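Descriptive structure summary
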Amino acid sequence: MTRLIADALTAEAFAPFGDVLEVRGTPDKIINRGRCGRFHDLAALDFGAGGRAGISLFESAIVEWPVEVAMVERHPEGSQAFLPMTEHPFLVVVAPDENGRPGSPRAFVTAPGQGINFYRGTWHGVLTPLHAPGLFAVVDRIGDTPNLEEHWFDAPYHVEPGEDRAGTMQA
Ligand SMILES: NC(=O)N[C@@H](O)C(=O)O
Ligand code: NI
């Protein structure tokens with residue numbers, strides 16, 4: 001069994017894999033007669049040739065720690081954003097590409113209010129909510145051509161929360 005520790009998600013650590021969508025610092029624009037801050041254009045969306053953007057809702061079962069991650073996947077034709085519709089944290093697993101196969105995975109736990117956008121082709125674990133309801137808006141490619149590649153690990157990883165995320169342990 002290979003243990004993998006999930007660290008707190010930061011834009012810096014996630015930068016090789018995608019964007020972290022969060023309200024941070026000063027808004028780019030103040031709109032709606034001063035009532036609203038707009039944090040503008042936060043993600044590199046990419047839907048490839050022959051695809052278009054779609055917004056879907058995912059209602060997913062939740063997982064318990066330690067989370068078993070047996071596979072990662074990637075979407076060679078488009079980016080994919082997970083935008084939680086609750087304040088709950090969720091687990092994000094990514095891996096670098098090494099000659100067409102995933103390298104050593106990284107695990108992160110989001111903070112409340114954080115969403116993520118995987119760059120096109122980023123190896124990632126599937127949507128993994130930690131608290132119910134596992135309700136997410138997902139922005140990804142809608143198209144008629146294949147857009148999924150899976151890699152199953154020889155042995156699953158067992159993901160546990162890092163010290164700084166112990167608070168996300170199930171009650
Ligand atoms: N299959 C699907 O729509 N979702 C996956 O791509 C995922 O990453 O959860
Ligand atoms: Ni995916």
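These numbers were taken from a predicted model, which means no experiment stands behind them. (Residues numbered from 1 in each chain as written. Chains lettered and ligands numbered in written order. Predicted model: local features only at pLDDT ≥ 70, side-chain atom pairs only at ≥ 80, totals over all residues. Heavy atoms only, no water.)

**Digging into the coordination of the nickel ion (ligand 2)**
Around the nickel ion (ligand 2), the protein supplies Glu73 (OE), His75 (NE2), Gln80 (OE1) and His124 (NE2) as donor atoms, at distances of 2.1 to 2.2 Å. Between the 6 donor atoms coordinating the nickel ion (ligand 2), the angles at the centre fall across 75 to 176 degrees, so the site counts as octahedral. If you list the donors of the nickel ion (ligand 2) from N- to C-terminus, the spacing comes out as E-x1-H-x4-Q-x43-H. Of this pair, Glu73 sits in strand β6 (residues 67-74) while His124 sits in strand β13 (residues 123-124); the two residues are 51 residues apart in sequence, bridging distant segments of the chain. (Donors = N, O, S within 2.8 Å, 3.2 Å for Na, K, Ca; no water. Tetrahedral: all angles 85-135°; square planar, octahedral: opposite > 155°, others 65-115°. Helix = DSSP H or I, 4+ residues; strand = E, 2+ residues; numbered from the N terminus.)

**Examining the environment of Ala155**
Inspection of the secondary structure puts Ala155 in strand β16 (residues 149-161). In this structure, the C-alpha to C-alpha distance between Ala155 and Ala70, residues 85 residues apart in sequence, is 6.8 Å.

**Describing the site of ligand 1**
What surrounds ligand 1 is the set Phe58, Glu73, His75, Gln80, Phe82, His124, Val126 and Leu127. Taking Gln80, its side chain carries an N or O atom lying 3.0 Å from an oxygen atom of ligand 1. Protein contact buries 71% of the 270 Å² of open area that ligand 1 shows by itself. Residues belonging to the shell around ligand 1 are distributed by class as follows: 4 nonpolar, 3 polar and 1 charged. (Near = heavy atom within 4 Å. Polar contact = N/O pair within 3.5 Å; in protein donor to acceptor, adjacent residues only side chain to side chain. Areas by Shrake-Rupley, 256 points an atom, 1.4 Å probe, with all protein chains shown as cover. Nonpolar A, V, L, I, M, F, W, Y, C, P; charged D, E, K, R; others polar.)

**Brief notes about the environment of His88**
Inspection of the secondary structure puts His88 in the loop between β7 (80-84) and β8 (90-95). Residue classification places His88 among the partly exposed residues on the basis of a relative accessible area of 30%. The spatial distance from the C-alpha of His88 to the C-alpha of Leu135 is 9.6 Å, given a sequence separation of 47 residues. Every residue in contact with His88, bar those within four places of it in the chain, is listed here: Thr110, His131, Ala132 and Pro133. A distance of 3.2 Å separates a polar side-chain atom of His88 from the backbone oxygen of Ala132. (Buried < 20%, exposed > 50% of the residue type's maximum accessible area, 1.4 Å probe, protein only. Contact = heavy atoms within 4.5 Å.)

**Comments concerning the environment of Ile5**
Turning to its location among the elements, Ile5 is positioned in strand β1 (residues 2-8). The class for Ile5 is partly exposed, based on a relative accessible area of 35%. Note: C-alpha distance between Ile5 and Pro66 (61 residues apart in sequence) is 9.7 Å. Those residues in contact with Ile5 that sit more than four places away from it in its chain are Ala107, Glu160, Pro161 and Gly162.

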